[in-house]
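Chain by chain, the residues:
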2 protein chains.
Amino acid sequence: MPHAVVTLLQDALGAAVSIEPADLEASREDRSGWRSATAPLAVVHATSIDEVQAVMRIAHDTATPVVPRGAGTGLAGGAIASPGAIVLDLSRMNRVLEISEADELAVVEPGVLNGALNDALAERGLWFAPDPASRAISTIGGNIATNAGGLLCAKYGVTREAVLGLAVVLADGRLLRTGHRTVKGVTGYDLTALFTGSEGTLGVIVEATVRLQPIIPGATVTVAAVFPDIEAAAAASAAVTAARLRPAVLELIDAAGLARVAAFLGADELAGTPLESLAPHESFLLAQCDDAGAADEAAEIARLFAAAGGRTTLSTDAATGERLLGIRRAVHPAFAASGQVLIEDVAVPRSRLPEMFRAIEEIGRRHGIEIPTIAHAGDGNLHPNFAFSGDEVPAHVWAAADDMFRAAVALGGTLTGEHGVGILKRRWLAAELGDDSFELQHGIKALFDPTGILNPGVMFESSAAPAR
Amino acid sequence: MPHAVVTLLQDALGAAVSIEPADLEASREDRSGWRSATAPLAVVHATSIDEVQAVMRIAHDTATPVVPRGAGTGLAGGAIASPGAIVLDLSRMNRVLEISEADELAVVEPGVLNGALNDALAERGLWFAPDPASRAISTIGGNIATNAGGLLCAKYGVTREAVLGLAVVLADGRLLRTGHRTVKGVTGYDLTALFTGSEGTLGVIVEATVRLQPIIPGATVTVAAVFPDIEAAAAASAAVTAARLRPAVLELIDAAGLARVAAFLGADELAGTPLESLAPHESFLLAQCDDAGAADEAAEIARLFAAAGGRTTLSTDAATGERLLGIRRAVHPAFAASGQVLIEDVAVPRSRLPEMFRAIEEIGRRHGIEIPTIAHAGDGNLHPNFAFSGDEVPAHVWAAADDMFRAAVALGGTLTGEHGVGILKRRWLAAELGDDSFELQHGIKALFDPTGILNPGVMFESSAAPAR
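Residues numbered from 1 in each chain as written. Chains lettered and ligands numbered in written order. Predicted model: local features only at pLDDT ≥ 70, side-chain atom pairs only at ≥ 80, totals over all residues. Heavy atoms only, no water.

### Comments concerning the interface of chain A and chain B
- Taken together, the 80 residues of chain A in the interface contact 79 residues of chain B.
- A per-residue breakdown of the area chain A buries against chain B is headed by K184, Y189 and R244 of chain A, which together make up 16% of the total.
- Across the chain A-chain B interface, the total number found is 14 salt bridges.
- Here R244 of chain A ties to E101 of chain B by a salt bridge, and the two come within 2.5 Å at their closest N and O atoms.
- Inspection of the region where chain A meets chain B yields 45 residue pairs in polar contact (both at pLDDT 80 or more).
- When residues of the side of chain A that touches chain B are traced back to their parent elements, those giving at least two are α6 (153–156), β9 (175–179), α7 (191–195), β11 (213–214), α15 (429–433) and α16 (435–448) of chain A.
- In terms of residue count, α16 of chain A provides more of the side of chain A that touches chain B than any other element does, 10 residues in total.
- Here the residues of the side of chain A that touches chain B sort into 30 nonpolar, 29 polar and 21 charged. (Contact = heavy atoms within 4.5 Å. Buried area = accessible area lost by both parts, 1.4 Å probe. Salt bridge = Lys/Arg side-chain N within 4 Å of Asp/Glu carboxyl O. Polar contact = N/O pair within 3.5 Å; in protein donor to acceptor, adjacent residues only side chain to side chain. Helix = DSSP H or I, 4+ residues; strand = E, 2+ residues; numbered from the N terminus. Nonpolar A, V, L, I, M, F, W, Y, C, P; charged D, E, K, R; others polar.)

Here it is as structure tokens:
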């Protein structure tokens, strides 16, 4: 006999409600490698705001948890089935509702893929700047729910800067609209920013008005170099900042990461690149420059890379540039191919990058694990990858991650630069925020979700969630 | 005999507490022309976080209202003495505590003037982008409290985008730190963004970590033109957007405004500018282009302006450019010289600018007043100026302002683009937000300020403030 809540959902929503085992199973995981302990009651494939409101009314009336979910590409367990929950899948709400060229904005449903929106915009000479590495497979709704970052943030900002307004279904099913169709607007508190990065814990984002930009004119110029060690690569990165240059992309790969990428891509793919004859300890730094000053800026960066001891390549043609960026893009596939990894996401002030790399090396040595690491060097965001075997993250890997988090915070950094807290990092939330901030954040959660049905266990420990 | 609260303040803070009539009087007004009904109990000239905490503890214990105040340059009555209040003057907390070139950030006290910070940064090749017209006289703390805009927002963002972290004294005197020294950071809800634009109603900003940028290299190129009417000027502005150009500045002055500016500046000052032989109904549009593509972009804009019927000047030398921008800068002095004005601050989607200009003209005709208007055309933010005589805003001017606010919202716009709600616009807050948003915003206010002592009457009507 179906669960009473499932019957209510089916009566209200018909075929949108799935209790197919394959659907239920798929909702138990994301790209973090984390898997929830149980399957959900049901997965609702919503196709309209009305349906989302109907789900939330039923959930509210029956005190049933709801997990809003997009494409399931998260890296923090922020959108996976929690015990006894309805998974509210928004991926079929995937229409671009409006593109206004005159107002340089688009209105989209939450399930639109970031890449799909940019495909639709390209022919109009426009561009949605938030650029997570997952852009081809992640949704705008998910990007907003995590305030996603990416490769371009130092120059073009995080997702928050591109969100003008939202439609959000509240915990009790009411529909709230926030923000404006204007760049400016300061009437009342900034609820748009508050929902951005709230990981489905304050409401369900069902529509977004996002800011567009003209595509940056001119060709991109790419500079890549291999350095004798991570210190030299970090020094080269700092030299770019010191010279007041602003490349669109500035990416760093440490020696352990680079060795895996080189093995994954193979000699043919690396011929003619700085990785052709890789020595131990060598690290990689890549810059891409855009806009009207690209050529001059790239030439200056190449000079700085060489002066810092880099084996440097400058590429003005798009194909070679794409090939060099391909080295950076190969990082996640290369790591995934070599076994299970726990992908961490700390950020530190840029000036502390060398210290953070030293701390990671030391933590790896202490716990007896290799921690290949890449960094968005332009904004100080590092992704240390903790390799492990088996289905569960072993205790010594959690211990290493704990040391790494504390090292980042001690350097003035943060637990998560762009992936979100989710389930994986909630254990450290209070330690980073401190008691007063934690209490206020908890108060905000209780204000928007008084019965605690929105994504319980995400961001806050379930035991710390408002009592139902 | 001094008020008991004043005695408590004097015991704790000594000479920082002023009950000098001149100090009390000065705190009753800002640059809006609004004046509070009564003087405050005292003005505290705080010079440290400790002193701010001491004031808030006394205020909390005695249920005394506190009005945080910077340079007093607000345009919405957001920082003027309210009945029975302590005015907490932060203008003497004016130290730049740190400039980190490597991390491209500064840590400042709230009373630092925007212009003073930029002076200190210029020699290092760095720049704080938020650019309100008041930058020479307004504080960073005030800029953050109002999420100030300015001339450069379409290209460089509003103040929120430049704030990385805050230190805030809460209503009960506790010190809260939010945000990071990094561009990215998504641990928990974005309290930094929530405090930005909260107009002193959620806490007292006592320190800010702000993001810096390298100064844009190369010379600025200016294009200015006079058009036969406002429709032609608006069409030229839209043509710039349609051509996917991004000037740093795009400013529009309507015929009524332009006539006042021309009379204010005089024939000598206007010789050689497009205002030299001004005809009735003529309107003004000015663009400034920066960065490496400035010359090409400005040439294209000049072509578009001319094609739209503009009498066009392009200036590549800095002195002439400054002189052309001086026409725009003369707007507020010119209006102030011609009598009292109520400066409004609506924003509409850029595509609705022509309709908004028509609505303003019609409203002026209906109420028998002239409403000279300037607009940040690049972001749809208009400042209609309602001229009146006498000390009080007359009822028919309020009625005209009411019509204008409703016209802006009907066009998809907002009550305030950059000045804030303050006291002047609180009467329309609920109408713009709607009931659900108003209720949530009210809940946030009650969470951060349960006894309602922080800037009561600002943003929310006093009667709607949480009960003390």
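### Topic: the pattern of salt bridges
- This structure, assessed with the given rule, holds 66 salt bridges over all chains.
- Of the charged contacts in the structure, one is a salt bridge between K184 of chain A and D379 of chain B, with a shortest N-O distance of 3.2 Å. Here D379 of chain B lies in the loop between β17 (373–376) and β18 (381–388) and K184 of chain A lies in the loop between β9 and α7, a pairing that spans two chains. In terms of burial, K184 of chain A and D379 of chain B fall into one category: buried.
- For the salt bridge of R366 of chain B with D403 of chain B, the shortest nitrogen-to-oxygen distance reads 2.7 Å. Residue R366 of chain B is found in helix α13 (residues 353–367), and its partner D403 of chain B is found in helix α14 (residues 395–410); the two are separated by 37 residues along the sequence.
- Judged by its relative accessible area of 48%, R366 of chain B falls in the partly exposed class.
- On the accessibility criterion, D403 of chain B (22% relative accessible area) is partly exposed.
- Salt bridges sharing partners connect three or more residues here, namely E25, R28, E29 and R35 of chain A. (Buried < 20%, exposed > 50% of the residue type's maximum accessible area, 1.4 Å probe, protein only.)

### Considerations on the nonpolar core
- Counting 73 residues, the largest nonpolar core has F448 of chain A together with F448 of chain B as its most contacted members.
- The dominant element in this core, judged by the number of residues it contributes, is helix α16 (residues 435–448) of chain B, at four residues.
- Residues contacting F448 of chain A, with those up to four places away along its chain left out, are L170, A171, L191, L194, F195 and L202 of chain A together with L440 and I444 of chain B. (Core = buried A, V, L, I, M, F, W, Y, C linked by side-chain atoms within 4.5 Å.)

### Here we look at the sheet that holds strand β9 (residues 175–179) of chain B
Residue and element names in this part refer to chain B.
- The five strands lie next to each other as β5-β6-β10-β8-β9, forming an open sheet whose pairing is antiparallel. The sheet terminates laterally at β5 (96–100) and β9, the two strands that pair on one side only. For this sheet, the mean inter-axis angle between neighbouring strands, taken without regard to orientation, is 10 degrees.
- Here strand β8 (residues 163–169) runs beside strand β10 (residues 204–211); their pairing, made up of six bridges, is antiparallel. Bridged to G165 within β10 is T209. (Pairing = 2+ DSSP bridges. Axes fitted to C-alpha atoms, helices over the stretch in contact; angles between N-to-C directions.)

### Brief notes about the UniProt feature "domain: FAD-binding PCMH-type" (unreviewed entry) in chain A
- Following the UniProt record, one finds the feature "domain: FAD-binding PCMH-type" (unreviewed entry) at residues 36–215 of chain A.
- Here residues 36–215 of chain A is 21% helix and 25% strand, with 41 Å between the C-alpha atoms at its ends. (UniProt positions renumbered as here; feature names shortened; annotations may be inferred.)

### Focus: the domain arrangement of chain A
Residue and element names in this part refer to chain A.
- By domain assignment, chain A separates into domain 1 (4–89), domain 2 (96–214), domain 3 (217–334) and domain 4 (339–449).
- Taking the mean C-alpha position of each, domain 3 and domain 4 sit 25 Å from one another.
- Of the roughly 1,300 Å² buried where domain 3 meets domain 4, counting both sides, 59% is carbon and sulfur surface.
- Sorting the residues of domain 3 by area buried against domain 4 places L252, R260 and H332 first, and these three jointly supply 32% of that buried surface.
- Summed over the shared surface of domain 3 and domain 4, the number is one salt bridge. (Domains from an automatic or database assignment.)

### Brief notes about the pairing of strand β8 (residues 163–169) of chain A
All names here are of chain A.
- In terms of burial, β8 is a largely internal element, seven of the seven residues being buried.
- Pairing between β8 and β9: five bridges, direction antiparallel. Opposite V169, over in β9, you have L175 as the bridge partner.
- In this structure, the hairpin formed by β8 and β9 is closed by a connection of five residues, where G173 is found at a positive phi of approximately 100 degrees.

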